[in-house]
Amino acid sequence: MNLEKLSNRVSQELDTALSNDVPAAEREVILDIVRRAMLDASSRTHREMKETAVVCCGPEADLAHKIQEEMDSKRDMLISNLMAMR
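All values reported here derive from a predicted model rather than from experimental measurement.

Analysis parameters
- Residues numbered from 1 in each chain as written.
- Predicted model: local features only at pLDDT ≥ 70, side-chain atom pairs only at ≥ 80, totals over all residues.
- Heavy atoms only, no water.
- Helix = DSSP H or I, 4+ residues; strand = E, 2+ residues; numbered from the N terminus.
- Expected span 1.5 Å × (residues − 1).
- Buried < 20%, exposed > 50% of the residue type's maximum accessible area, 1.4 Å probe, protein only.
- Salt bridge = Lys/Arg side-chain N within 4 Å of Asp/Glu carboxyl O.

Student: Sorry, what's going on with helix H2 (residues 24–56) here?
Tutor: Look at H2: 48 Å from first C-alpha to last across 33 residues, which is about the 48 Å you get at 1.5 Å a residue. Those residues of H2 not exposed but buried are Arg27, Leu31, Arg35, Met38, Leu39, Ser42, His46, Lys50 and Ala53.

Student: Looking at this model, I keep getting lost on the pattern of salt bridges. Mind explaining?
Tutor: Pairing between side chains of opposite charge can happen when the charged atoms of each approach one another. Following the criterion strictly, the structure yields five salt bridges and no others. Here Glu13 and Arg9 are joined by a salt bridge, their closest N and O atoms 3.3 Å apart. Taken as a pair, Glu13 and Arg9 lie in helix H1 (residues 3–17) at a separation of four residues, close to a single helical turn. Residue class for Glu13 comes out partly exposed when judged on its relative accessible area of 46%. Arg9 gets classed as partly exposed once you look at its relative accessible area, which sits at 45%. Ionic pairing is found between Lys74 and Glu70, a salt bridge with its closest N-O pair at 3.7 Å. Here the residue Lys74 and the residue Glu70 both occupy positions in helix H3 (residues 61–84), the gap between them amounting to four residues, near one helical turn. With relative accessibility at 44%, the residue Glu70 sits in the partly exposed group.

Here is the structure:
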């Protein structure tokens, strides 16, 4: 899933869907709300996947920790990329 492409597509679709009467400042607020919602959804999904990995690998805690570290690293990179798109 490429969130940058998805965010750009959603931004363009919102820009097209919003009437021209909406001021630029309000458009930016709406787009920011959508970006934050995408970030929240991504964070929740990440958290749920991490919990699942820990549960399924319970006896193999070392493997679960390695998976968790990798997921944390990817989440941090995703957050950095989304913040840079602001």
